[in-house]
Amino acid sequence: MTKDLPQTRPVGKPTLKTVAQATGYAVTTVSRALANDPKIAQTTRDTVATAAKTLGYVPDRAAQRLRTGRTKVISLLINPGHEYLGFTHVLLNGITAALRGTGYSVTITPDFIDSDRISVIRNILRNNLADGIVLSRTECFDPRVRLLLEQDFPFVSHGRTEFTTPHAYVDFDNEAFARQSVQWLLKAGRRRLMIVLPQAQFTFSQHLRFGFLSEVREAGIEHIIPEDLSIDTPPAEIARRLKEMLLSDTPPDGIVCVGEVMALAALAAIDDARMVAGDQVDMLIKQASPVFDLMRPKFRSIFEDVEKTGQQMGEILLRRIDGEPPETLQRIIAPVDGPHLRD
């Protein structure tokens, strides 16, 4: 029989002993219940969890690290600039949903793609700052992945690599997106298509290029891939260059937009060229943010579920930390018709 649970938080920092006194259970039982030990009855775990929340009990991470060797921290390496609006926020929502109730927290570390990306990894490994790492903007032969594989350190990447050694990843099917984009623009009557790709070292750039070129070549139509631009080029520069192309003798009449930032730059260029989007030139957008649903006029879009991606990466990383082999922890998410995709 447990005691009545307290209604207010005690003065001072609550401990395991505080929770034990409040519930009537032994300290060891409380500790195992908070660790979600399946050998402890679910009713006991629920009672202890409620008491801990009411009392404001927070595990002592330093003590946990000494006892288990784990930090209970996941490190998310993220590029501050991105092709999507609110990408970090949406991805983080998914990751934290997967970690809910596990005791893990997430630290965010900027990952500047034009700097030494591997030094961040070395710092985490050297100082034991995390139990696992989430990588974004994965390269074909990513040096971060190579190092983590060599060290056998748990990680999951947003995107695949071309290494033969298997590793955990969650990826969007960018080849399918590019193919579907070309197909829809062809249905709209467009015959000179353009795409601005990510920088060539990123794996998803290769997938996008292959899908786009396969479809335009099969259709026998003209295409433009400006090699001196990327989706990481400042949007104002993309808009300026695209305006020049639109006013040239051979302008594109269909644009595949790899992300919402690219779409905004394209809209600016179309307006600056005194053209009407959907008339002289059409667009198909890779969309991840619900904010873009409010854009007018509406455009065809294909949806990448970034929140689902984050949740799957969080779940996979926890399984990798627990020792599951990486070859069982690989997921590819298919494109989904956006709210404005129409025949």
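For clarity, every value in this text was computed on a predicted model and none was experimentally measured.

Draft legend 1. Up close: the sheet that holds strand S2 (residues 105-110). Spatially, S2-S1-S3-S4-S5-S11 is the arrangement adopted by the six strands of the open sheet, whose pairing is parallel. The outermost strands of the open sheet, each flanked by one partner alone, are S2 and strand S11 (330-333). Each strand of the sheet is rotated relative to its neighbour by a mean of 15 degrees, with strand direction disregarded. Relative to S2, strand S1 (residues 73-78) is paired through six bridges, and the arrangement is parallel. Residue pairing across strands places Ser 75 opposite Thr 107, the latter belonging to S2.

Draft legend 2. Quick look at the nonpolar core. Among the nonpolar cores identified, the biggest contains 50 residues, and Phe 212, Ile 255 and Met 283 are the most heavily contacted of them. Secondary structure elements with two or more residues in this core: helix H8 (174-187), strand S6 (192-195), helix H9 (203-219), helix H10 (235-246), strand S8 (254-257), helix H11 (260-272) and strand S9 (282-287). Element by element, the count of residues in this core is highest for H11, at seven residues. Those residues in contact with Met 283, other than ones at most four positions away along the chain, are Leu 185, Ile 255, Cys 257, Ala 263, Ala 266, Leu 267, Ile 270, Phe 299 and Arg 300.

Draft legend 3. Representation of the packing of aromatic side chains. Within this structure, the stated rule accounts for three aromatic pairs. A ring pair is formed by Phe 172 and Phe 177, whose centres lie 6.5 Å apart and whose planes are at 50 degrees; its orientation type is tilted. Both residues of the pair, Phe 172 and Phe 177, count as buried. Here the aromatic rings of Phe 202 and Phe 204 are separated by 6.4 Å at their centres, their planes lie at 55 degrees, and the arrangement is tilted.

Draft legend 4. Structural context of the environment of Ile 108. Inspection of the secondary structure puts Ile 108 in strand S2. Separated by 30 residues in the primary sequence, Ile 108 and Ile 78 place their C-alpha atoms 7.0 Å from one another. Not counting residues up to four positions away in its chain, the partners in contact with Ile 108 are Leu 76, Ile 78, Thr 88 and Leu 92.

Draft legend 5. Representation of helix H7 (residues 143-151). All of the buried residues in H7 are Arg 144, Val 145, Leu 147 and Leu 148. Along H7, the residues classed as buried sweep out an arc of 165 degrees about the axis, all on the same side. Next to the buried residues of H7 lie helix H6 (118-126), strand S3 (132-135) and strand S4 (155-158). Looking one or two places after H7, you find Asp 152, whose phi comes out positive at around 55 degrees.

Draft legend 6. Structural view of the side chain of Asp 282. Here Asp 282 lies in strand S9. If near-sequence neighbours (up to four positions away) are discounted, Asp 282 is found in contact with Leu 185, Ala 188, Arg 190, Asp 253, Gly 254, Ile 255, Phe 299 and Arg 300.

Draft legend 7. A look at the pattern of salt bridges. On inspection of all chains with the given rule, the structure shows 18 salt bridges. Notably, a salt bridge pairs Glu 222 with Arg 192, separated by 2.2 Å at the nearest N-O pair. Taken together, the residues span a long stretch of sequence, with Glu 222 in strand S7 (residues 222-224) and Arg 192 in strand S6 at a distance of 30 residues. Note on Glu 222: relative accessible area 48%, which makes it partly exposed.

Scoring rules and cut-offs
Residues numbered from 1 in each chain as written. Predicted model: local features only at pLDDT ≥ 70, side-chain atom pairs only at ≥ 80, totals over all residues. Heavy atoms only, no water. Pairing = 2+ DSSP bridges. Helix = DSSP H or I, 4+ residues; strand = E, 2+ residues; numbered from the N terminus. Axes fitted to C-alpha atoms, helices over the stretch in contact; angles between N-to-C directions. Core = buried A, V, L, I, M, F, W, Y, C linked by side-chain atoms within 4.5 Å. Buried < 20%, exposed > 50% of the residue type's maximum accessible area, 1.4 Å probe, protein only. Contact = heavy atoms within 4.5 Å. Phe/Tyr/Trp six-rings, centres within 6.5 Å; stacked < 30°, edge-to-face > 60°. Arc of directions from axis to C-beta. Salt bridge = Lys/Arg side-chain N within 4 Å of Asp/Glu carboxyl O.

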